[in-house]
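# Overview (structure and organization)
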Amino acid sequence: MTLWTAAEAAAATGGRNTAEWRASGVSIDTRTLARGDLFVALRDARDGHDFVADALARGAAAALVDRVPDGVDPAAPLLIVKDVLAALTALGAAGRARSSALVAGITGSVGKTSSKEMLRAALDGQGRVHAAEASYNNHWGVPLTLARMPRDTDFAVIEIGMNHPGEIAPLARLARPHVAMITTVAPAHLEAFDSVEDIAREKAAIFDGLERGGTAIYNCDIATAPILEAAARRHAAHLRAFGTDKGAVDRVDEIRIGREATVARGRLGPQPVTYKVASPGRHFAVNAMGVLAAAVALGADIALSVAGLGRWHPVAGRGMIETLALDPVEDSQTLELIDDAFNANPASVAAALEVLAAIGPRDGIGRVSRGRRIAILGDMLELGPDEAALHAAIAQDPALKALDLVHCVGTRMRALHDALPVQKRGVWAETADDLARTAHSLVDAGDVVLVKGSKGSRVSTVVDAIRKLGHPLLTESEGSP
């Protein structure tokens with residue numbers, strides 16, 4: 001299938017082709033490039049122009065460049081433009097303009113990636129669905145997602161993120177969603193914002209890009225909901241507030257958290273609805289109501305959406321729960337590992353601790369006679385001048401009552417370690433590598449172990465070390481976003 005011809009891409013970007021070509025995909029990474037892709041030579045940590053020769057050797061249809069790279073034949077299939085990122089953005093805009101797909105945009109301080117995947121699952125089987133890979137939600141991720149959108153897409157789900165003020169509105173205008181959803185607003189990226197209210201205003205900028213007649217969906221349980229509502233009223237024809245608040249249009253009335261799933265009951269507009277997500281977590285159940293509201297606003301069938309949502313399961317690094325056998329012969333010697341090592345802020349840590357508290361350990365099967373709930377928490381990054389207080393405040397989280405031990409990783413998490421009750425205070429390590437070396441002494445059969453932290457804290461190293469202690473028996477589900 002042809003995604004872009006040389007002529008179409010040149011018209012979209014204002015560039016010049018050196019040869020004829022047809023591309024079936026778009027890639028920015030030679031490690032994942034497929035034969036027939038258009039390779040985009042972005043400049044980031046490395047200059048993509050250094051990899052053009054390799055991309056062409058691997059079967060790239062052409063390369064999007066701002067010059068002929070060293071070692072590349074000038075007659076090779078190249079689309080030469082003034083600026084590669086600007087050209088990718090223009091290609092994304094053209095991909096969006098030629099599509100008749102119904103588009104949903106999702107943002108939020110917590111839960112945007114899992115909500116994107118839940119909406120993808122809810123729409124599956126009701127048309128051709130295109131969604132962003134991983135967390136491709138920034139100034140190159142959104143254009144790349146749109147540039148990759150097949151012509152015959154029926155539904156597109158675009159994740160939109162930010163680190164600094166002024167990032168969301170341009171991306172929302174590029175995506176031009178028919179439905180825009182805000183999962184929640186929390187103290188994340190406070191390093192770049194003066195207040196949570198400023199974060200709410202930035203998140204609400206997703207409504208700036210709504211198509212005429214569009215629908216704004218936002219969480220009404222949070223203190224900054226009035227800011228979201230005001231922005232929604234300025235830009236949307238239809239408003240849907242979701243949450244547990246009695247005033248929610250799409251309301252969650254009951255949540256039952258199980259070991260492997262969460263079942264919720266409420267009202268989707270005027271219609272009663274019961275639904276399930278295959279992961280424990282109150283936050284998942286609340287965001288799932290917003291996802292169902294988005295599906296309905298896109299014209300999807302409610303029953304099919306509920307069924308699709310129930311098949312959603314999370315991925316590694318975002319709360320995936322797996323059972324590890326610690327004994328190569330005796331499969332009963334197991335622990336449960338919650339891998340949530342991709343991202344962290346106060347709200348997502350609270351959600352992850354609630355999941356940990358809801359899963360019961362098993363007694364009498366390990367070195368320690370009683371199974372334990374253990375949290376291993378890495379630094380939360382980009383929290384600004386109040387980061388020490390925000391880390392220490394985790395000690396007051398009500399879920400900690402159900403936990404046995406909390407181990408801490410990183411200089412910022414020292415504040416939490418010092419604030420913890422003595423009986424729950426585990427070890428503190430300056431780096432994830434330091435703690436990973438002692439993984440064998442931290443956990444035991446029967447334990448339920450949560451590993452949570454910002455990606456930059458590298459607590460995924462601890463996850464890897466725990467995995468190496470045994471072998472996986474069963475992958476259950478994904479958890480916190």
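Throughout what follows, the structure given in this document is the object of discussion. Just so you know, these numbers come straight off a predicted model, no measurement behind them.

Time to look at helix H1 (residues 6-13). Looking only at H1, the buried set comprises Ala6, Ala9, Ala10 and Thr13. Mapping the buried residues of H1 onto a view down its axis gives an arc of 100°, with all of them on the same face. The exposed residues of H1 that point more than 90 degrees off its buried face are Ala7 and Ala11. Those residues of H1 hidden inside the fold are in contact with strand S1 (4-5), strand S2 (16-17), strand S7 (78-80) and helix H3 (84-97). Just downstream of H1 lies Gly14, where phi reads positive at about 75°.

The subject of this paragraph is the pattern of salt bridges. Overall, the coordinates contain 33 salt bridges when judged by the stated rule. For Asp464, the salt bridge is made with Arg467, and the minimal N-O distance between the two is 3.8 Å. Taken together, the residues Asp464 and Arg467, both in helix H16 (residues 460-467) and 3 residues apart, mark about one turn of the helix. Linked by salt bridges that have partners in common, Arg43, Asp47, Asp66 and Arg67 make up one network.

Further remarks concern the sheet that holds strand S9 (residues 129-131). Spatially, the 9 strands line up as an open sheet ordered S9-S10-S8-S11-S12-S13-S14-S15-S16, and their pairing is mixed. Every interior strand has two partners, whereas the edge strands, S9 and strand S16 (271-277), have only one. Between one strand axis and the next, the sheet turns by 20° as a mean value, whatever way the strands run. Direction of pairing for strand S15 (residues 262-268) relative to S16: antiparallel, over a ladder of 7 bridges. Across the sheet, residue Ala264 finds its bridge partner in S16, namely Tyr275. Taken strand by strand, helix H8 (residues 225-235) contacts strand S11 (179-182), strand S12 (215-219) and strand S13 (238-243), and its axis lies near 180° from that of S12.

This next bit is on the packing of aromatic side chains. Tallied over the entire structure, the rule returns 2 aromatic pairs. Seen from their ring centres, Tyr136 and Trp140 are 5.1 Å apart, and the 65° between their planes marks the pair as edge-to-face. For the cation-ring pair, Arg98 lies above Trp4, with the distance from its terminal atom to the ring centre recorded as 3.8 Å. Looking at Arg414, its charged tip hangs above the ring of Trp428, at a distance of 4.4 Å from the centre.

Ile158, Ile160, Ile206, Phe207, Tyr218 and Leu228 are the most contacted members of the largest nonpolar core, which has 38 residues in total. Put simply, the parts of the chain that give this core at least two residues each are helix H5 (141-147), strand S10 (155-159), helix H6 (168-175), S11, helix H7 (196-204), S12 and H8. The element that contributes the greatest number of residues to this core is H6, accounting for 6 residues. If near-sequence neighbours (up to four positions away) are discounted, Leu228 is found in contact with Ile182, Val185, Ala200, Ala204, Phe207, Tyr218, Asn219 and Ile222.

What counts, and at which threshold
- Residues numbered from 1 in each chain as written.
- Predicted model: local features only at pLDDT ≥ 70, side-chain atom pairs only at ≥ 80, totals over all residues.
- Heavy atoms only, no water.
- Buried < 20%, exposed > 50% of the residue type's maximum accessible area, 1.4 Å probe, protein only.
- Helix = DSSP H or I, 4+ residues; strand = E, 2+ residues; numbered from the N terminus.
- Arc of directions from axis to C-beta.
- Contact = heavy atoms within 4.5 Å.
- Salt bridge = Lys/Arg side-chain N within 4 Å of Asp/Glu carboxyl O.
- Pairing = 2+ DSSP bridges.
- Axes fitted to C-alpha atoms, helices over the stretch in contact; angles between N-to-C directions.
- Phe/Tyr/Trp six-rings, centres within 6.5 Å; stacked < 30°, edge-to-face > 60°.
- Lys NZ or Arg CZ within 6 Å of the ring centre and 35° of its normal.
- Core = buried A, V, L, I, M, F, W, Y, C linked by side-chain atoms within 4.5 Å.

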